[in-house]
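As a plain string of letters, each chain reads:
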Amino acid sequence: MIRRIVLALVCAFALHSVANAQPLARIASPDGANVVEIEINGEGRASYRVARNGHAVIAPSRLGFLLVDAPKIERNLRLTAQSTRRFDETWEQPWGEQRRIRNRYNELRFTLTEQTGQLRSIDVVFRVYDDGIGFRYEFPDQPPLRDVRILNELTEFNFAQAGEALWTPALRSNREEYLYYRTPIEEIGVTQTPVTLRLDSGLHLSIHEAALVDYSGMNLMRIEGRGLNAILTPGIGDAAVVRRAPFHTPWRTIQISESAGGLVESRLILNLNEPNVLGDVSWFEPGKYIGIWWQMHLGTASWASGARHGATTETALRYVDFAARNGFNGVLIEGWNIGWDGDWFGNGEEFNFTQPYPDFDLERVTAYARERGVRVIGHHETSANAAHYENQMEAGFALYQRLGVRVVKTGYVSDAAGARVNAEDGHVRFAWHEGQEMARHHQRVVETAARYQIAINPHEPIKDTGLRRTYPNWVSREGARGMEYNAWGNPSNPPEHEANLVFTRLLAGPMDFTPGVFGMETQSPEGVATTWAKQLALYVVIYSPIQMAADLLENYEANPGPFQFIRDVPTDWEETRVLNGELGDYVTIVRRDRNSRDWYLGAITDEQRRTLSAPLSFLQRGVRYRAQIYRDGPNADYRGAARSDIVIEERTVTSADTLTLELAPGGGQAIRFTPLRRR
Ligand code: NOJ
Ligand code: CA
């Protein structure tokens, strides 16, 4: 009761604190800081605006739709109904970067109705949180709007202040795998989401979407000034989205934080997704894996059959032994099945998901693994031929389930717009990786896999929009330049890359980045452009419930010191906090192990040498901890032999201490904190 009164007072205060003419509707976040107002101008065009602590953040920005062969929904609108509601719950993730999550928001729902023509109407729902905003459109069933064919959304995001943006180009051939641009907002082109901004006032924003279901992915295009417009990924026909009412769009999200780290701590995107529909998923165990993988990217082994074939029974058994000895619960095996010979990039129709190559004994390898407490991680490369895959995936999952496989990495290698899908007319058509058809495909895969108790980790995926909350077997994905670019990329990932990812791609959800490489010379001219300490720090900085130790086994066998951190670090967390960070520059993240009282710290920097301060106040008070520190050595640098200059040392610390982290250019630091037994 008291809380309700306080809430009401706070809301009332916030509503009055934003000076504005006469919005038709308004709603404030539970803490009162974020306020959304709705207006309709003289032409009947609706817009929303956002303020934080009384300062404009999003200037009036339009809402609406362009339709195929029907008038757009954007003019002559009137606000014909509105209602508000409050929500507050705390829910638990079966696995994750944070166990308990508070989902608290104030909601405004309103109806926009045309005053002329067909008198069509749509609902718009805003959920306003302390850490940002989500809004979506809902299409009720009505005779003039039954079969809806959306050409594009007219949603705008007009930033009220100048600032800098971190963004990656959208709708280009390498799909989601581009380097980041850091430019003034006015120089954004066509960008993927999440796109993240630092406004001149110091406020940080990130625009993305939540719960992308049966709809096409949203990109953003700058039109003029500091305004971005939605641009939906094209569909397979003339519409980007084809739906039958009633339906709703994904949530359009604006995360808002005073600090860059606050964006990483925000759970807005998960909160805007529907709760778990799969029930108990305890059959999925977070963990770490090794794999027959890096050798193919280095070019020393092949996916294809022949003398250089990587996935042989003998190699697989050696990997299982290594995993069992070192506490890895998974071994990924790529290139095990028929279909890799010739140009596998274009081999969509050749892949067979149940037939191993003759030199790979699938039954023997999986049994050998099971006996040693290890599971094979399955692999289904589809070359983006979703149509072909859908004919076989059920058989593929059934086989894997019988053999004890619990995680399958899928792959959609092809240039953008080169995916192939079964269209409703029975034809196979080319599609974009983030169009509506592929959104449907991924959902079918995840739902089918769940029936076989299999978790999915797609590469060249559709973007992450937090659907792991609803489908907790959708455990990780790629969806940005990962470690593989350091094997053959020209250029490889630059030292700032991971500090960019943390504040963009990783805000969307877990990434199968595959860190942990100690062999720094590769086919790429720059090789792996980080220090060893940074490779270790990435296990904490990049969240994924499954983390690969990507390197060749001999590099781990030769370097037991730094390898110890990879053996120790968990992948399932009770709690996550960001100690410091700035877009594209540096970040320090600490996480508490879900299954012990240990804390882990990861700090990374870009190409700049940095000294960061890490107050240890997150540790339990009054407890002494052993800190096992893996830090850059005095000569460490992301170039040449200096990459392996690492110092491993131990200290005793308490929550009253503050550590000074010295990071080399392209460097990092990883620390494990273990409580010491009280005497
Ligand atoms: C691209 C994936 O990102 C990579 O991890 C995989 O090895 C290849 N495709 C082959 O499936
Ligand atoms: Ca890839």
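These remarks concern the structure in this document. Quantities reported herein were computed from a predicted structural model and do not represent experimental measurements.

### Considering the sheet that holds strand 38 (residues 668–675)
The 6 strands lie next to each other as 31-32-33-38-35-36, forming an open sheet whose pairing is antiparallel. This sheet does not close on itself; its edge strands, each paired only once, are strand 31 (573–582) and strand 36 (646–653). Averaged over all neighbouring strand pairs, the angle between strand axes comes to 15°, with direction disregarded. As judged from the 7 bridges shared by strand 35 (residues 625–632) and strand 38, these two strands associate in the antiparallel manner. Note on strand 38: the bridge partner recorded for I629 is I671. Across the sheet, helix 12 (residues 532–541) lies against strand 32 (586–593), strand 33 (599–605), strand 35, strand 36 and strand 38, angled at about 125° from strand 33, the strand it touches most. In this fold helix 14 (residues 560–568) packs onto strand 33, strand 35, strand 36 and strand 38, with an angle of close to 125° to the strand it touches most, strand 35.

### Points about the site of ligand 1
Taken together, 14 residues surround ligand 1, and among them E334, E381, K409, H459 and E484 come closest. With respect to ligand 1, the side chain of W293 contributes an N or O atom lying 2.9 Å from an oxygen atom. Residue E334 places a side-chain N or O atom 2.6 Å away from an oxygen atom belonging to ligand 1. Look at ligand 1: alone it shows 300 Å² of surface, and the protein chains cover 97% of it.

### A look at the sheet that holds strand 11 (residues 147–153)
Strands sit in the order 6-5-11-20 across an open sheet of 4 strands; the sheet is antiparallel. The open sheet has two edge strands, strand 6 (70–73) and strand 20 (241–244), and neither has a second partner. Between one strand axis and the next, the sheet turns by 30° as a mean value, whatever way the strands run. Looking at chain direction, strand 5 (residues 65–67) and strand 6 are connected through 2 bridges and run antiparallel. Considered in strand 6, the bridge of L67 is made with A70.

### Some remarks on the side chain of T531
One can find T531 in the loop between helix 11 (505–508) and helix 12. Once residues lying within four places of it in the same chain are set aside, the contact partners of T531 are M520, D632, A636, D637, Y638, R643, A664, P665, G666, G667 and G668.

### Examining the packing of aromatic side chains
Across all of its chains, the model carries 35 aromatic pairs by this definition. Measuring from ring centre to ring centre gives 4.9 Å for W599 and F618, while their planes differ by 55°; the resulting arrangement is tilted. Taken together, the residues span a long stretch of sequence, with W599 in strand 33 and F618 in the loop between strand 34 (610–615) and strand 35 at a distance of 19 residues. By the burial criterion, W599 is buried, and F618 matches it. One aromatic cluster is present, formed by W303, W340, W344, F345, F351, F353, Y389 and F397 through successive ring pairs. When the ring centre of F328 is taken as reference, the NZ or CZ atom of K288 above it lies at 6.0 Å.

Reading the values: the criteria
- Residues numbered from 1 in each chain as written.
- Chains lettered and ligands numbered in written order.
- Predicted model: local features only at pLDDT ≥ 70, side-chain atom pairs only at ≥ 80, totals over all residues.
- Heavy atoms only, no water.
- Pairing = 2+ DSSP bridges.
- Helix = DSSP H or I, 4+ residues; strand = E, 2+ residues; numbered from the N terminus.
- Axes fitted to C-alpha atoms, helices over the stretch in contact; angles between N-to-C directions.
- Contact = heavy atoms within 4.5 Å.
- Near = heavy atom within 4 Å.
- Polar contact = N/O pair within 3.5 Å; in protein donor to acceptor, adjacent residues only side chain to side chain.
- Areas by Shrake-Rupley, 256 points an atom, 1.4 Å probe, with all protein chains shown as cover.
- Phe/Tyr/Trp six-rings, centres within 6.5 Å; stacked < 30°, edge-to-face > 60°.
- Buried < 20%, exposed > 50% of the residue type's maximum accessible area, 1.4 Å probe, protein only.
- Lys NZ or Arg CZ within 6 Å of the ring centre and 35° of its normal.

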